[in-house]
Amino acid sequence: MSPDTLLLAAVFLPLASGPLIAITGASPNLRETVTVIAGVITFGFVLCISNLVNDGVQPAVTLMELVPGLSLQLKVEPLGMIFSLIASGLWIATSIYSVGYMRGHGESNQTRYYFFFAVAITAALGVAYAGNLLTLFVFYEVLTLSTYPLVTHERTEEAMRGGRVYMGILISTSVAFLLWAVIWTYHLAGTLDFVDGGILAGRADVPTLTFLLALFAFGTGKAALMPFHRWLPAAMVAPTPVSALLHAVAVVKAGVFSVMKIAVYVFGIDTLNSMGLSQWLQYVAGGTILISSLIAMTKDNLKARLAYSTVSQLSYIVLGAALANELGVLGGSLHIVTHAFGKITLFFCAGAIIVGAHKTEISDMRGLGRRMPFTFGAFLLGSLSIIGLPPFAGAWSKWYLLLAALDADQLILVGVLLVSSLLNIAYLLPVAVTGFFAPPEGEEGGLKEAPVACVLPLCFTAASCIILFFYLDPFLALARRIGG
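Description of the structure in this document.

Calculation rules
Residues numbered from 1 in each chain as written. Predicted model: local features only at pLDDT ≥ 70, side-chain atom pairs only at ≥ 80, totals over all residues. Heavy atoms only, no water. Helix = DSSP H or I, 4+ residues; strand = E, 2+ residues; numbered from the N terminus. Buried < 20%, exposed > 50% of the residue type's maximum accessible area, 1.4 Å probe, protein only. Contact = heavy atoms within 4.5 Å. Areas by Shrake-Rupley, 256 points an atom, 1.4 Å probe, with all protein chains shown as cover. Lys, Arg positive; Asp, Glu negative; His and termini not counted. Charge placed at Lys NZ, Arg CZ, Asp CG, Glu CD. Pairing = 2+ DSSP bridges. Patch = residues over 30% accessible without salt bridge, like charges linked within 9 Å, V, L, I, M, F, W, Y side chains within 5 Å. Salt bridge = Lys/Arg side-chain N within 4 Å of Asp/Glu carboxyl O. Axes fitted to C-alpha atoms, helices over the stretch in contact; angles between N-to-C directions. Parallel < 35°, antiparallel > 145°, perpendicular 65-115°, else oblique. Phe/Tyr/Trp six-rings, centres within 6.5 Å; stacked < 30°, edge-to-face > 60°. Expected span 1.5 Å × (residues − 1). Polar contact = N/O pair within 3.5 Å; in protein donor to acceptor, adjacent residues only side chain to side chain. Left-handed = near helix turned anticlockwise from the far one by under 90°. Nonpolar A, V, L, I, M, F, W, Y, C, P; charged D, E, K, R; others polar.

### Here's the deal with the overall build of the protein
Working step 1: Along the protein, the regular secondary structure elements total 19 helices and 2 strands.
Working step 2: Summarising its shape, the C-alpha atoms of the protein cover approximately 70 × 55 × 45 Å along the three principal directions.
Working step 3: Classification of the 484 residues of the protein by burial places 62% in the buried group.
Working step 4: Within the protein, contacts between residues separated by at least 24 positions form 80% of all contacts whose residues are at least 6 apart in sequence.
Working step 5: If you sum the accessible surface of the protein, you get close to 16,700 Å²; carbon and sulfur atoms cover 67% of it.
Working step 6: Taking the average place of the 24 positive charges on the side chains of the protein and the average place of its 25 negative ones, the gap between the two points comes to 7 Å.

### Side note on the pairing of strand S1 (residues 60–67)
Working step 1: Sheet topology places S1 next to strand S2 (residues 70–75); 6 bridges connect them, and they run antiparallel. Note on S2: the bridge partner recorded for glutamate 65 is serine 71.
Working step 2: Counted along the chain from S1 to the antiparallel partner S2, the turn is 2 residues long, and its residue glycine 69 has a positive phi close to 85°.

### Here's the deal with the environment of valine 329
Working step 1: Relative to the assigned elements, valine 329 resides in helix H14 (residues 326–357).
Working step 2: On the basis of relative accessible area, valine 329 is assigned to the buried category, the value being 4%.
Working step 3: Taking the C-alpha atoms as reference, valine 329 lies 41 Å from threonine 156; in sequence the two are 173 residues apart.
Working step 4: Leaving out residues up to four positions away in the same chain, valine 329 has contacts with Met260, Val264, Ile269, Gly320 and Ile482.

### Thoughts on a nonpolar patch on the surface
Working step 1: Side chains of Leu8, Leu63, Met64, Leu66 and Val67 sit close together on the surface and give an oily, nonpolar patch of about 390 Å² of accessible area.
Working step 2: With 4 residues, the top contributor of residues to the nonpolar patch is S1.
Working step 3: Its place among the elements puts leucine 8 in helix H1 (residues 3–23).
Working step 4: According to the relative accessible area criterion, leucine 8 is partly exposed, its value standing at 31%.

### Digging into the pattern of salt bridges
Working step 1: Counting across every chain of the model gives 4 salt bridges.
Working step 2: Ionic pairing is found between glutamate 32 and arginine 103, a salt bridge with its closest N-O pair at 2.6 Å. Placement of glutamate 32 in helix H2 (residues 28–54) and of arginine 103 in helix H3 (residues 78–104) is noted, with a sequence separation of 71 residues between them.
Working step 3: Judged by relative accessible area, arginine 103 falls into the partly exposed class, the value being 41%.
Working step 4: Two residues, glutamate 157 and arginine 161, come together in a salt bridge whose shortest N-O distance is 3.8 Å. Of this pair, glutamate 157 and arginine 161 are both found in helix H6 (residues 157–189), 4 residues apart, which corresponds to roughly one turn of the helix.
Working step 5: Note on glutamate 157: relative accessible area 64%, which makes it exposed.
Working step 6: A relative accessible area of 42% means that arginine 161 is categorised as partly exposed.
Working step 7: Counted as one network, the salt bridges with shared partners bring together Arg31, Glu32 and Arg103.

### Concerning the side chain of threonine 271
Working step 1: Examined against the element boundaries, threonine 271 turns out to sit in helix H11 (residues 269–275).
Working step 2: Since its relative accessible area comes to 8%, threonine 271 is described here as buried.

### A closer look at a negative patch on the surface
Working step 1: Taken together, the side chains of Asp270, Glu326, Asp407 and Asp409 present a region of like negative charge at the surface.
Working step 2: With respect to the helices and strands, aspartate 409 occurs in the loop between helix H16 (394–407) and helix H17 (411–437).
Working step 3: Judged by its relative accessible area of 64%, aspartate 409 falls in the exposed class.

### Let's talk about the packing of H3 against H14
Working step 1: Look at H3 against H14: their axes get within 11 Å of each other, and the N-to-C directions meet at 5°. Classified by the interaxial angle, the pair formed by H3 and H14 is roughly parallel. On the side of H3, the interface is formed by Leu79, Ile82, Ile86, Leu90, Ala93, Thr94, Tyr97, Tyr101 and Gly104, while H14 contributes Ser333, Ile336, Val337, Ala340, Phe341, Ile344, Phe347, Phe348, Gly351, Ala352, Ile354 and Val355.

### A short note on the packing of aromatic side chains
Think of a pair of aromatic rings as described by two things: how far the centres are apart, and how the planes are tilted against each other in angle.
Working step 1: Enumeration over the complete set of coordinates arrives at 18 aromatic pairs.
Working step 2: Judged by centre distance (6.0 Å) and plane angle (85°), the rings of phenylalanine 216 and phenylalanine 267 are edge-to-face. With a gap of 51 residues between them, phenylalanine 216 in helix H7 (residues 206–219) and phenylalanine 267 in helix H10 (residues 251–267) connect regions that are remote in the sequence.
Working step 3: Given the relative accessible area of 0%, phenylalanine 267 is considered buried.
Working step 4: An aromatic cluster of three or more residues is present, and its members are Phe177, Phe218, Phe228 and Trp280.

### Here we look at the environment of proline 241
Working step 1: Considering the arrangement of structural elements, one finds proline 241 in helix H9 (residues 240–249).
Working step 2: Setting aside anything within four residues of it in sequence, one finds proline 241 in contact with Thr94, Tyr97, Ser98, Tyr101, Tyr113 and Phe117.

### Brief notes about helix H5 (residues 133–151)
Working step 1: An ideal rise of 1.5 Å per residue puts 27 Å on 19 residues; H5 measures up with 26 Å between its terminal C-alpha atoms.
Working step 2: By the criterion of burial, H5 is predominantly enclosed, with 15 of the 19 residues buried.
Working step 3: Its side-chain oxygen placed 3.2 Å from the backbone nitrogen of leucine 134, asparagine 132 serves as the N-cap of H5.

### Points about the packing of H3 against helix H19 (residues 473–480)
Working step 1: Interhelical geometry of H3 versus H19 gives an angle of 150° and a closest axis separation of 7 Å. Considering the angle they form, H3 stands roughly antiparallel to H19. Where H3 crosses over H19, the two elements pack in a sense that is left-handed. Contact with H3, carried on its side by Pro78, Met81, Ile82, Leu85 and Ile86, involves Phe475, Leu478 and Ala479 of H19 and no other residues of that element.
Working step 2: When its residues are assigned to classes, the contact of H3 with H19 shows 8 nonpolar, no polar and no charged.

The structure is reproduced here in structure tokens:
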């Protein structure tokens, strides 16, 4: 298979599996087998592309030329390779987890769920491999539209209200800010291609480029910068596997990935740094990190607490881009990886608690860890990675971000990162402590974990938080080549 064909197969195989998922809907076992097999094959294709990138090959395919010089194009580069590995790899874990959750929780319309999940993965991979801003914008919007049925899956009044907030904020920020930023960039640069070093150097003055950066930063609503973050907590009405998709596999990672890609390949790190274009964004990201962490501490509902935790953690990646130095790009890119494994573990655990114990409030989980030791043990490991303690993967990305802030002489932001880690401890560790050490409200009873299909994926992702601390080199090698 040629590199270009391999690229097309990786992006569109999940979409192609959609009709087969729909056809086999009457047979749940077959439908779910198709889903998992599609995930495994897609990940295999992505691994093959990764091998090509490591050998210096960058596959590229033009899907459609709209006008001369303006086309829908897929092109592989190191940052997109990182995102695609995470999205395709965690699709497998989430698919297996979904089997246990959707059946254990008695969810209806499961075929529709698996269908749109597959479409969303194609959209996420399209974002990862976008060769220009136009392609990124198209797949970014497809991702929004394909995840709306997942957010509103239960079709209750609460779900529909959450879905309206979800769509309202994401579509309005795209149309009002991101679309105009894309058009303005084409006007200034005469191209929308992603180019090492950026395409906007010398194209406009500082005020113009600063305003353009603001349009991109806030127009990429999936990055959840305050005040355009409310869609993310609102989307928690969705089933927990969807929350995992939103927070770890596709949606929010597409947002912060897009911010990083635009910073590196549209503005250029040197341009951002030399002209001081992104200093304001550093403080917006820092404020989002702290404020959302403080809000997370007030939430008793576990999914709501994790939602605001995600808002905070996403801004670590935005901060890495805004610091506009090599260490910031390195730390932000690695945080896409480390946060994905840590946060998907926490959401898997939240869903397992719902299925196994029918608990959603942290205050109701007293002593529950002794009945669900695998789930609460995994939650503890995922929490320690999010906090950034060695030997857990999150320690590496936070370490590089701290070095980046020091390199930029931003001692205030160093303080923000350190205080944020303390706040992570304050809102995450009490969940495990309550589960393992608080006296139960009633009789303790014996072990009662969620179905095996729920427990195995969360154990895998929790273990990965440790494994990646020691074996992060493949992602580190890709991150060091970004923009180079």
